[in-house]
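Survey of secondary and tertiary structure
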Amino acid sequence: MVSVKGKELTLISPDGRRLDGRRPDDIRELKIKAGILENAGGSAYVELGNTKIYAAVYGPREVHPRHLALPNRAVVRCRYHMTPFSVEERKSPAPTRREIELSKVIRESLIPAIVVEQFPFSAIDIFIEVINADGSTRCASIIAASVALASAGIPMKDLVAACSVGKINGVLVLDVTDVEDKNGEVDMSFAMMPNRNEITLLQLDGVLSLEEIERAISMTTKACKEIYEKQKSALKEKYIELRKAVEGGAKT
Amino acid sequence: MPIYVKDWDLVVPGEVLAEGDYVAGPYVYKEGNKLFATAIGIAEIKRGVIRVVPLQGPYIPKVGDVVIGIVVDYLPTAYVLDINSSYKAILQVAEILPPQKNALAEDLSKYLDVGDVVVCKVVRFDKYSDVVVSCKGKELGKIVDGRLIKVSPAKIPRLIGRKGSMINLIKRETGCKMIIGQNGFIWIKGKDQASEVLAEKVIRKIDEEAHISGLTQRIQVMLQSEKRD
């Protein structure tokens, strides 16, 4: 039993149902849209339950200030930002310690997937804006950013899919919400390249035994492959719809 | 040796295209025994070579490309051009200066001003230095009239078509003169405004529908019906 806003809630019921009715190995409803911002090179919108995120990608473009440019590869810069209205209590729009860290973590989980060697002396800029935060924002940001990168046509070895694992009342659960994150024992963020079977992010907050880690990784790997399929269809959607429209129009 | 995609299939980065003894073409890489796509595009399989024709993506300069640039800056003896890429292009002043004139003693804006549009050719590019372009040659040089439109650089090969079939079709049907920059800029000059507008409309359609087969036919139909109106 935990108390949330004065209400006593059971995070996970004896028959394994969570607050929103999910089973421990269910993720929230995931909606992805690619290419929604006109001015960006590539963009994406991700809705993971109540977590809502926009990502925009610019570049490869010239690096400013010039001294940051690297002679052998592109610089990838990432800004994770939470809008002041994304959380219950107004968040100051200035970057906090946490946002700076998440920017770094997201950047480093995406770099292995980008073919950075192809653009020396250039920069690829990723902007992530959290519109509404309800847990797993870093995982949803990675999902959005990798779709945005692909929709910008930046060469990538693979898409990056991400999903978090938590532990509440001793049960491992996928895709933690804000309440579960704050009242649970463990929160682990995980990102991988599903086709290459490579992990690009593993961040554990809490304590898990070795067996639990193995179970958690196998649970989230399965979830990431599901998420990857959604990313794939989101990227293709625009083109397939257009193809249908044209072919349908040709017949009539 | 299984192939997982068909010709003209839409693929996204990371998609496994085939396994086994195939050769990786552009926008495909091979690791171990598997071939992966690196861009969103259309798969093409030809004689054991698998390639992906990208639908989106930045312009990467190549020596010999005709590009259209916009002057953005001056150096002591050169102009700096924006060629819609992450690299700036350098155009030597000596190329346009009358002989016996000293570039250092001249007012460079007399010849090319900031904002001027120049058709040029890439003469040097090695990724580690700036792109060097030249504007000496047939159909190269400063542009003073017509209209300039911008499309995604990835669609330029479709716009040109096989051996220029598509672009020649548009030129013939609209009566416009056109120069295609590989960097996504296209210059159009027609007899009247209507023909320029039509040419622009056709190019926008190609930009949008480049991934759907039967493009040339659709463009032909479009040009015919527009001409009748």
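Residues numbered from 1 in each chain as written. Chains lettered and ligands numbered in written order. Predicted model: local features only at pLDDT ≥ 70, side-chain atom pairs only at ≥ 80, totals over all residues.

Secondary structure summary: chain B contains four helices and 16 strands in total. Projected onto its principal axes, the C-alpha coordinates of chain B cover approximately 65 × 50 × 20 Å. For chain B, the residues scored as buried account for 36% of the 229 residues in total. A separation of at least 24 residues holds for 54% of the contacts in chain B among residues at least 6 apart in sequence. (Helix = DSSP H or I, 4+ residues; strand = E, 2+ residues; numbered from the N terminus. Buried ≥ 20, exposed ≤ 12 C-beta atoms within 10 Å, placed from the backbone. Contact = placed C-beta atoms within 7 Å.)

Right, let's talk about the interface of chain B and chain A for a bit. Each side of the interface is counted separately: chain B has 23 residues, and chain A has 28 residues. Split by residue class, the side of chain B that touches chain A holds 14 nonpolar, six polar and three charged. (Nonpolar A, V, L, I, M, F, W, Y, C, P; charged D, E, K, R; others polar.)

The subject of this paragraph is helix 2 (residues 165-174) of chain B. Owing to its 3.6 residues per turn, the α-helix brings residues three or four apart onto one side. Residues and elements named next belong to chain B. For helix 2, the full list of buried residues reads Met 166, Ile 170 and Thr 174. Take helix 2 and look down its axis: the buried residues cluster within an arc of 45°, on one side only. More than 90 degrees from the buried face of helix 2, the exposed residues found are Ser 165 and Arg 172. Each element contacted by the buried residues of helix 2 is listed here: helix 1 (156-160), helix 3 (193-209) and helix 4 (215-228). Downstream of helix 2 by a residue or two, Gly 175 has a phi angle that is positive, lying close to 70°. (Arc of directions from axis to C-beta.)

The next subject is the packing of helix 2 of chain B against helix 4 of chain B. All names here are of chain B. In the contact formed by helix 2 and helix 4, the axes pass within 11 Å of each other and the chain directions differ by 5°. With respect to helix 4, the element helix 2 is oriented roughly parallel. The segment helix 2 lies against helix 4, with Ser 165, Met 166, Leu 169 and Glu 173 engaging Thr 216, Ile 219, Gln 220, Leu 223 and Lys 227. Residue composition of the contact of helix 2 with helix 4, by class: four nonpolar, three polar and two charged. (Axes fitted to C-alpha atoms, helices over the stretch in contact; angles between N-to-C directions. Parallel < 35°, antiparallel > 145°, perpendicular 65-115°, else oblique.)

This part takes up the domain arrangement of chain B. As assigned here, chain B comprises domain 1 (10-54), domain 2 (66-143) and domain 3 (147-228). Between the C-alpha centres of domain 1 of chain B and domain 3 of chain B the distance comes to 29 Å. (Domains from an automatic or database assignment.)

On to the sheet that holds strand 2 (residues 16-19) of chain B, then. Residue and element names in this part refer to chain B. The three strands lie next to each other as 2-5-4, forming an open sheet whose pairing is antiparallel. Every interior strand has two partners, whereas the edge strands, strand 2 and strand 4 (28-31), have only one. Going across the sheet, the axis of each strand differs from the next one's by a mean of 25°, ignoring polarity. (Pairing = 2+ DSSP bridges.)

Another point: the pairing of strand 9 (residues 171-174) of chain A. Residues and elements named next belong to chain A. Bridge count for strand 8 (residues 161-168) against strand 9 is four bridges, and the pairing is antiparallel. Its bridge partner being in strand 9, Val 165 is matched across the sheet by Leu 174. The antiparallel hairpin formed by strand 8 and strand 9 contains two residues in its connecting segment, where Asn 169 sits at a positive phi of about 45°.

Let's shift gears to the nonpolar core. Within the largest apolar cluster, 130 residues are counted, with the highest numbers of intra-cluster contacts made by Ala55(A), Ile143(A), Ala144(A) and Ala162(A). Those residues in contact with Ala144(A) that sit more than four places away from it in its chain are Ala44(A), Tyr45(A), Val46(A), Ile53(A), Ala55(A) and Ile128(A). (Core = buried A, V, L, I, M, F, W, Y, C linked by C-beta atoms within 7 Å.)

Another point: the sheet that holds strand 11 (residues 198-205) of chain A. All names here are of chain A. Strands sit in the order 9-8-10-11 across an open sheet of four strands; the sheet is antiparallel. The sheet is open, and its two edges are formed by strand 9 and strand 11, each paired on a single side. For this sheet the average axis-to-axis angle between neighbouring strands, irrespective of direction, equals 20°. Helix 2 (residues 137-151) contacts strand 8 and strand 10 (186-193) of the sheet and is inclined by roughly 165° relative to strand 8.

A few words on the packing of helix 3 of chain B against helix 4 of chain B. Residues and elements named next belong to chain B. Between helix 3 and helix 4, the least distance of the axes is 11 Å, while the angle of their chain directions is 155°. Looking at the two axes, helix 3 sits roughly antiparallel to helix 4. You can see that helix 3 and helix 4 cross each other, and the crossing is right-handed. Seen from helix 3, the contacting residues are Leu 198, Val 202, Lys 205, Ile 206 and Glu 209; seen from helix 4, they are Leu 215, Ile 219, Met 222, Leu 223 and Glu 226. (Left-handed = near helix turned anticlockwise from the far one by under 90°.)

Here we come to the pairing of strand 5 (residues 34-37) of chain B. Residues and elements named next belong to chain B. Two elements, strand 2 and strand 5, share three bridges in a ladder whose sense is antiparallel. By the bridge assignment, Glu 19 is partnered in strand 5 with Lys 34. With four bridges joining them, strand 4 and strand 5 adopt antiparallel strand pairing. Paired with Tyr 29 across the bridge in strand 5 is Phe 36. Connecting strand 4 to the antiparallel partner strand 5 that follows it, the hairpin turn spans two residues, and Gly 32 within it adopts a positive phi of roughly 65°.

What follows concerns unusual backbone geometry. All names here are of chain A. The omega angle of the peptide bond from Gly 59 to Pro 60 is 0°, so this bond is cis rather than trans. Here Pro 60 shows up in strand 5 (residues 51-62). Here His 64 and Pro 65 are connected by a cis peptide whose omega angle stands at -5°. Tracing the backbone through its elements, the reader meets Pro 65 in the loop between strand 5 and strand 6 (75-82). Not every positive phi belongs to a glycine, and Phe 121 is a case in point at roughly 65°. Mapped onto the elements, Phe 121 comes out in the loop between helix 1 (97-110) and strand 7 (122-132). Phi is positive for Asp 175, close to 55°, though the residue is something other than glycine. Tracing the backbone through its elements, the reader meets Asp 175 in the loop between strand 9 and helix 3 (178-183). Asp 175 sits in the buried class, given 27 other C-beta atoms within 10 Å.

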